[in-house]
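Structural overview for review
Residue strings, one per chain:
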Amino acid sequence: MPSPIDVDDLLAEILLRLAPLPSSLPHASLVCARWRRIVTDPDFLRRFRAHHWKPLGVFLTSSQSGRRDFSFSFVSDPGDSIRHERFSVPPVRAGAGDDDYTWVFLGCRHGRVLLIDRNLHGYSYGHQMLVWNPVAAEHHLLPIRSALLGFGSSPEQCARRETGDWGDVVSTRVRRESGFIVIGFWNVMVGNSIYWLLFGIGSQLHVLEFDLGSQNLAVIQVPLPPDVYANHRGLYLTTLANGGGLSLIVMSANLEAQLWERTPDCDGAAARWMLRRTIELDKLLSLRPGFPECRRILGVEGDHNVMFVSTYRGAFMVHLESMQFEKIFETNPFSDGGTIHPFTTLYAPGTC
């Protein structure tokens, strides 16, 4: 009978349980070519992050008096090595020193945060982006080329050019019937691609896909019946599909969530969207003792399928795969107009 380490699937399960230290996977990759192939496989890395996933804290964004402010709060014990001061914005002035500009939060992923400067007296964006690693106390300032303004971004797209040099602008043609084309704020990462919801192209819902490897941008139609999302109370991309594939949650006013899964292309046929299940959050959560009345959904972190729910007794984090929940704030961190964004890192407490 072969040893467990002689079977790739069993070895991957063992390596999956390595401590999430900065040196764990690099050291494992040095053992032999086979171990290196396993620990550098994108699917293994996705599972490794999911296995060890627990947010260190959350960024809270709010809009008041025309300002878009953000702050950070721990939701896990950071140990003695990570102090709250590390999550103060680096001393880099927004707007190239112009007092009329401030830093605006765009998103975070894999331990990095993306900020952009914006004019305090309007909605125009300015001169630069900031890619920031709070745990490592590092940041990179990226001047913005004028051709990039108006395009959606993510930490992965910007941090690929740590020298500050930009590559060619990647674009794709879309057909606009009327009004504006709007790119959704939330995004998910599936494999080597990032996806955003795209609104304003006819009556159908669309998804914008950016492949980080090939640097291709594409528009994907989501051919759902219009009545499915006509009166929705939130549309969220997730990775709840089998194998961590792309899926869509359509939230109704009574907290009933329909999960639509995108099936992959096969035998030349186009990918389809299939209704997999309906999650009755209102009934499910009401069965749990102590879960108070829901005020609204603050957002869904689609990479790890976590929903943040605002209630009259605080804020809760709901794991959509297991349907377990935990309270992260005893009192609501803000009233209305705010969102929560979990900050995750693979650094274990006490090792940074």
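Since the structure is predicted, the reported quantities are computational estimates derived from the model, not experimental observations.

1. Examining the overall build of the chain
Across its full length, the chain carries six helices and 19 strands. Looking at the 352 residues of the chain, the share that counts as buried comes to 43%. The long-range share in the chain, meaning contacts at least 24 apart out of those at least 6 apart in sequence, stands at 45%. Surface accessibility of the chain: about 18,400 Å² in total, with carbon and sulfur atoms responsible for 50%.

2. Some remarks on the packing of aromatic side chains
Overall, the coordinates contain 15 aromatic pairs when judged by the stated rule. Relative to F343, the ring of F59 has its centre 6.1 Å away and its plane inclined at 80°; by these criteria the two rings are edge-to-face. On the criterion of sequence distance, the pair formed by F59 in strand β1 (residues 57-64) and F343 in strand β19 (residues 339-343) is long-range, its members being 284 residues apart. Pairwise contacts between aromatic rings join F59, F70, F72, F74, F87, F105, W132 and F343 into one cluster.

3. Observations regarding the sheet that holds strand β9 (residues 205-211)
What the four strands build is an open sheet, ordered β7-β8-β9-β10; its pairing is antiparallel. The sheet terminates laterally at β7 (182-190) and β10 (216-222), the two strands that pair on one side only. Sheet twist, expressed as the average angle between the axes of neighbouring strands with direction ignored, equals 25°. One ladder, built from six bridges, connects strand β8 (residues 193-199) with β9; its direction is antiparallel. The partner of I194 across the bridge, within β9, is F210.

4. What about the environment of D211?
Residue placement: D211 occurs in strand β9. Judged by its relative accessible area of 22%, D211 is partly exposed. Along the chain, D211 and I194 lie 17 residues apart, while their C-alpha atoms are 6.6 Å from each other. Of the polar contacts made by the side chain of D211, one reaches the backbone nitrogen of G213; its length is 2.8 Å.

5. Overview of the pairing of strand β11 (residues 235-238)
Residues L235 and L237 point to one face of β11 and Y236 and T238 to the other, with burial holding for every one of them. Strand direction decides the pairing type here: β11 and strand β12 (residues 247-251), joined by four bridges, are antiparallel. In the strand pairing of β12, Y236 is matched with I249.

6. Structural notes on a nonpolar patch on the surface
Taken together, the side chains of F180, V182 and F199 present a nonpolar region at the surface, about 320 Å² in accessible area. Along the chain, the position of F199 falls in strand β8.

7. Overview of the side chain of H341
Counting through the fold element by element, H341 comes out in strand β19. Of the polar contacts made by the side chain of H341, one reaches the side chain of T339; its length is 2.9 Å. Residues within four places of H341 in sequence aside, it is in contact with G57, V58, F59, T61, F105, C108, F185 and W186.

8. A word on the pattern of salt bridges
Here the structure, examined in full by the defined rule, presents seven salt bridges. Taking the shortest distance from any N to any O, the salt bridge between R109 and D303 comes out at 2.7 Å. Remark: D303 occurs in the loop between β15 (294-301) and β16 (306-311) and R109 occurs in strand β3 (residues 101-109); sequence separation between them is 194 residues. Connected through shared salt-bridge partners, D8, R34 and R37 make up one network.

9. Things to note about the confidence of the model for the chain
With 77% of its residues at a pLDDT of 70 or more, the chain has an overall mean of 78. Here helix α5 (residues 155-159) stands out as the least confident element of the chain, with mean pLDDT 50; β11 is the most confident, with 92. Taken together, the stretch residues 348-352 has pLDDT below 50 and engages in 15 contacts with residues farther than four places along the chain or on a different chain.

10. Some words on the sheet that holds β11
Here four strands make up an open sheet; going across it, the order is β11-β12-β13-β14 and the pairing antiparallel. For this open sheet the edge positions go to β11 and β14 (272-280), each flanked by a neighbour on one side alone. Across the sheet, the axes of successive neighbouring strands diverge by a mean angle of 25°, strand direction being ignored.

11. Here we look at the nonpolar core
One broad rule of soluble globular proteins: the nonpolar side chains tend to lie buried together. Membership of the largest hydrophobic core comes to 18 residues, with the highest contact counts inside it found for F59, F87, F105, V113, L115 and F343. Contributions of two or more residues to this core are made by β2 (67-74), β3, β4 (112-119) and β5 (125-133). Not counting the four nearest positions on each side in its chain, V113 is found in contact with F59, F105, G107, C108, L130, V131, W132, P134 and F343.

12. Quick word on the pairing of β12
Successive side chains on a regular strand alternate, one facing one side of the sheet and the next facing the other. Across the five residues that make up β12, a large majority, five, are buried. A two-sided burial pattern is seen for β12, the buried positions comprising S247, I249 and M251 on one face and L248 and V250 on the other. Linking β12 to strand β13 (residues 256-263), which pair antiparallel, is a turn of four residues; within it L255 sits at a positive phi near 65°.

13. Concerning helix α1 (residues 8-15)
Looking at α1, one finds that the buried residues are L11, A12 and L15. Viewed end-on, α1 has its buried residues packed into an arc of 105°, placing them on one side of the element.

14. Side note on unusual backbone geometry
Even without being glycine, H110 reaches a positive phi, approximately 55°. Summarising the element assignment, H110 is placed in the loop between β3 and β4. A positive phi angle, close to 60°, is found at M323, a residue other than glycine. Its location among the elements puts M323 in the loop between β17 (314-319) and β18 (324-329). Using a relative accessible area of 9% as the deciding quantity, one classes M323 as buried.

Thresholds applied
- Residues numbered from 1 in each chain as written.
- Predicted model: local features only at pLDDT ≥ 70, side-chain atom pairs only at ≥ 80, totals over all residues.
- Heavy atoms only, no water.
- Helix = DSSP H or I, 4+ residues; strand = E, 2+ residues; numbered from the N terminus.
- Buried < 20%, exposed > 50% of the residue type's maximum accessible area, 1.4 Å probe, protein only.
- Contact = heavy atoms within 4.5 Å.
- Areas by Shrake-Rupley, 256 points an atom, 1.4 Å probe, with all protein chains shown as cover.
- Phe/Tyr/Trp six-rings, centres within 6.5 Å; stacked < 30°, edge-to-face > 60°.
- Pairing = 2+ DSSP bridges.
- Axes fitted to C-alpha atoms, helices over the stretch in contact; angles between N-to-C directions.
- Polar contact = N/O pair within 3.5 Å; in protein donor to acceptor, adjacent residues only side chain to side chain.
- Patch = residues over 30% accessible without salt bridge, like charges linked within 9 Å, V, L, I, M, F, W, Y side chains within 5 Å.
- Salt bridge = Lys/Arg side-chain N within 4 Å of Asp/Glu carboxyl O.
- pLDDT = per-residue confidence, 0-100.
- Core = buried A, V, L, I, M, F, W, Y, C linked by side-chain atoms within 4.5 Å.
- Arc of directions from axis to C-beta.

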